[in-house]
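Descriptive structure summary
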Amino acid sequence: MSAWLSVTKAVLPYVSDIISVAVPVFTRRKGNTEESQIQILQQQVAELQGASLQNAGDIKALAEQLSAALPLLEREVQGVDAKLARASLLCGVGVGIAILALVVSFMALLFK
């Protein structure tokens, strides 16, 4: 329960920013004449085109960042795999030494 409370406290200051970004900022329909409605529709289309172009640019930038980050992540994964292989080898050696010590101590008890 306290985890949800801490998450809520961390997110709360940013709620107004999130809402202001999520609310559409496009032109509202205000006008009774057909000509004013056509102008408003043209303005809304222009705003939508601008927003879609901005989104396309943002998506392209994110794709470039992702393509730059993937090789770094792959190298890190290879390094972690190598460390895991060494740890597994050391663990196997440790288990082998423990079994050998157990056998030696059991033989010492038998021949004493």
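Presented here is an overview of the structure given in this document.

Rules of the game
- Residues numbered from 1 in each chain as written.
- Predicted model: local features only at pLDDT ≥ 70, side-chain atom pairs only at ≥ 80, totals over all residues.
- Heavy atoms only, no water.
- Helix = DSSP H or I, 4+ residues; strand = E, 2+ residues; numbered from the N terminus.
- Buried < 20%, exposed > 50% of the residue type's maximum accessible area, 1.4 Å probe, protein only.
- Areas by Shrake-Rupley, 256 points an atom, 1.4 Å probe, with all protein chains shown as cover.
- Patch = residues over 30% accessible without salt bridge, like charges linked within 9 Å, V, L, I, M, F, W, Y side chains within 5 Å.
- Salt bridge = Lys/Arg side-chain N within 4 Å of Asp/Glu carboxyl O.
- Expected span 1.5 Å × (residues − 1).

Our focus in this paragraph is the overall build of the chain. Each helix and strand in the chain was counted, giving three helices and zero strands. In sequence order, the chain lays out its α and β elements as α-α-α. Within the chain, the fraction of its 112 residues that count as buried is 4%. A total of about 10,100 Å² of accessible surface is found on the chain, and carbon and sulfur atoms cover 70% of it.

On to a nonpolar patch on the surface. Together, V95, I99, V103, F106, M107, L110 and F111 make up an exposed nonpolar region whose accessible area comes to about 720 Å². Within the secondary structure, M107 sits in helix α3 (residues 34-110).

Okay, α3 next. Between its first and last C-alpha atoms α3 spans 106 Å; for 77 residues at 1.5 Å apiece the expected length is 114 Å, and the two agree. What α3 keeps buried is the set S36, I40 and Q44.

It is worth spelling out the environment of S105 at this point. Checked against the element boundaries, S105 lands in helix α3. For S105, a relative accessible area of 38% puts it in the partly exposed group.

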